[in-house]
Amino acid sequence: MAAIISGPVLASLFYDQSRCSGDQEGLLIGKVSHSVKDTISDSQINNYKVETKLYIYSCHELQRSTALSRKDQLQKCITEQIKKHGEKCIVGWYHSRRNTAARLSMRERSLHHTMLKSLPSQGREDFYFLLCTSSNTPNRSTHNFDFGFYKLNKDDADFVKVPITVVNLEDTTNNQYKHDSSCTASASSGIYASVISQFQSEVLDKSGQVQEVKKISSLGSALQDKLRLSNTKSKR
C-alpha cells in the first residue's frame, strides 16, 4: 500500500495553507490501483502479492462552515464531485492546520467515519486521509510543513500510516525496469482531460483510433495486397 502524489499538487496545498489564516479541508480526487505480482521461486512455488497504489490528481477545497458541519451539505458536495469526475474519483479527504501536533484529532477521526457513510459502498474500502501541519519561525522567514497519509485498518479500529511517494523530476541515473507507469494525471477528468478534448476531433476518428496510425495501417495493407497480386501474376 502506497500513496503517490505529484509535487505540484502537494505544493499547491502548502501554498494555500501558508496564505490562509485558518484551517482548510477538502476532498482528494484521484484513483486507486490494484495490481497482482506473481513471483515464482526455484521450487516452482507461486507467491502472489497484491499491491495497492493511491494516485492523487487534484484537490477540491470545502467550506468548513457549511459543507463539513452538516451531513446533507457534505453529501451534496460529494455527489457533485462524483458527477464531475466519476463514481470512484473521491479517494479521500485532507485537513490542513498549523502549529499543532501531527497526529489525528478526535474530530478528524469522527469526520472520517461520517464521510465513509456518505460515499458509495464500493469506494469506502479505499478511502484515505491526508493530514498537513505547518509552522514557521517568529520572523516568518522559514515555513515548515509536515504531512502524512492515513487509512483505517481492516477492523476499522484505528488508523495506520501509509507510505508516500512524491513524484517530481525523474532521476536520470535510474535504469531499472518499470513494471507499471506512475499515473499522476487523470485522462478522463481535470485540466489535462479538458485540453486533450479540444484536439481530440483532429487526432482521433469516430471509432477512437488515431487517424495517422489508421492511415499508415491502410497504406501497409494496400502494399501487401499489391505484392500478393504481383506474385500471383509472376507465377502464372
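Treat the numbers as computed from the prediction; the structure is a model and nothing was measured.

Cut-offs applied
- Residues numbered from 1 in each chain as written.
- Predicted model: local features only at pLDDT ≥ 70, side-chain atom pairs only at ≥ 80, totals over all residues.
- Heavy atoms only, no water.
- Helix = DSSP H or I, 4+ residues; strand = E, 2+ residues; numbered from the N terminus.
- Buried < 20%, exposed > 50% of the residue type's maximum accessible area, 1.4 Å probe, protein only.
- Contact = heavy atoms within 4.5 Å.
- Areas by Shrake-Rupley, 256 points an atom, 1.4 Å probe, with all protein chains shown as cover.
- Salt bridge = Lys/Arg side-chain N within 4 Å of Asp/Glu carboxyl O.
- Polar contact = N/O pair within 3.5 Å; in protein donor to acceptor, adjacent residues only side chain to side chain.
- Pairing = 2+ DSSP bridges.
- pLDDT = per-residue confidence, 0-100.
- Expected span 1.5 Å × (residues − 1).
- Arc of directions from axis to C-beta.
- Phe/Tyr/Trp six-rings, centres within 6.5 Å; stacked < 30°, edge-to-face > 60°.

1. Section: the overall build of the protein
Counting secondary structure elements, the protein contains 5 helices and 8 strands. Start at the N end of the protein and walk to the C end: the helices and strands fall as β-α-β-β-α-β-α-β-β-β-β-α-α. The burial tally for the protein puts 31% of its 236 residues in the buried class. In the protein, of all internal contacts separated by at least 6 residues, the share reaching a separation of at least 24 is 63%. Working note: accessible area of the protein is about 15800 Å², and carbon and sulfur atoms make up 51% of it.

2. Side note on the pattern of salt bridges
All told, the structure shown has 4 salt bridges when counted by the stated rule. Note that Arg107 and Glu25 form a salt bridge whose closest N and O atoms lie 2.6 Å from each other. Of the two residues, Arg107 sits in helix H3 (residues 106-118) while Glu25 sits in strand E2 (residues 24-40), which places them 82 residues apart along the sequence. Note that Asp158 is salt-bridged to Arg109, the shortest N-O span being 3.0 Å. Of this pair, Asp158 sits in the loop between strand E6 (143-152) and strand E7 (159-162) while Arg109 sits in helix H3, and the two are 49 residues apart along the sequence.

3. Focus on the side chain of Glu25
For Glu25, a relative accessible area of 0% gives the class buried. A polar contact of 2.6 Å, which involves the side chain of Glu25, links it to the side chain of Arg107.

4. So, the pairing of strand E5 (residues 128-136)
Along E5, 7 of the 9 residues are buried, which leaves the element largely enclosed by surrounding structure. Both strand E4 (residues 90-98) and E5 contribute to a ladder of 7 bridges, which runs parallel. Of the residues in E5, the one forming a bridge with Tyr94 is Leu130. Note that E5 and E6 share 9 bridges and pair antiparallel. Each residue of the ladder has a partner; that of Phe129, found in E6, is Tyr150. If you look at the hairpin formed by E5 and E6, you'll find 6 residues sitting between the two strands, and Arg140 has a positive phi there, around 60 degrees.

5. Topic: the confidence of the model for the protein
Here the protein shows a mean pLDDT of 77. Residues at 70 or above account for 78%. Summarising per-element confidence for the protein, the mean pLDDT is lowest in helix H4 (residues 190-203) (70) and highest in E7 (90).

6. Digging into H3
Its 13 residues place the ends of H3 19 Å apart at the C-alpha level, agreeing with the 18 Å of an ideal helix rising 1.5 Å per residue. Burial in H3 covers these residues: Glu108, Leu111, His112, Met115, Leu116 and Ser118. Along the axis of H3, the buried residues cluster in a sector spanning 155 degrees; they form a single face. Exposed positions of H3 whose direction lies more than 90 degrees from the buried face are Met106 and Lys117.

7. Looking at the packing of aromatic side chains
Evaluation of the coordinates by the stated rule reveals 3 aromatic pairs. Each ring, one from Phe14 and one from Phe145, has its centre 4.5 Å from the other, and the planes form 20 degrees; the classification is stacked. With Phe14 in helix H1 (residues 7-19) and Phe145 in strand E6, this pair connects stretches of sequence that are 131 residues apart. Residue classification places Phe14 among the buried positions, given a relative accessible area of 14%. Between Trp93 and Phe129, the aromatic rings sit 4.4 Å apart at their centres with planes inclined by 35 degrees, giving tilted as the arrangement. Of this pair, Trp93 sits in strand E4 while Phe129 sits in strand E5, and the two are 36 residues apart along the sequence.

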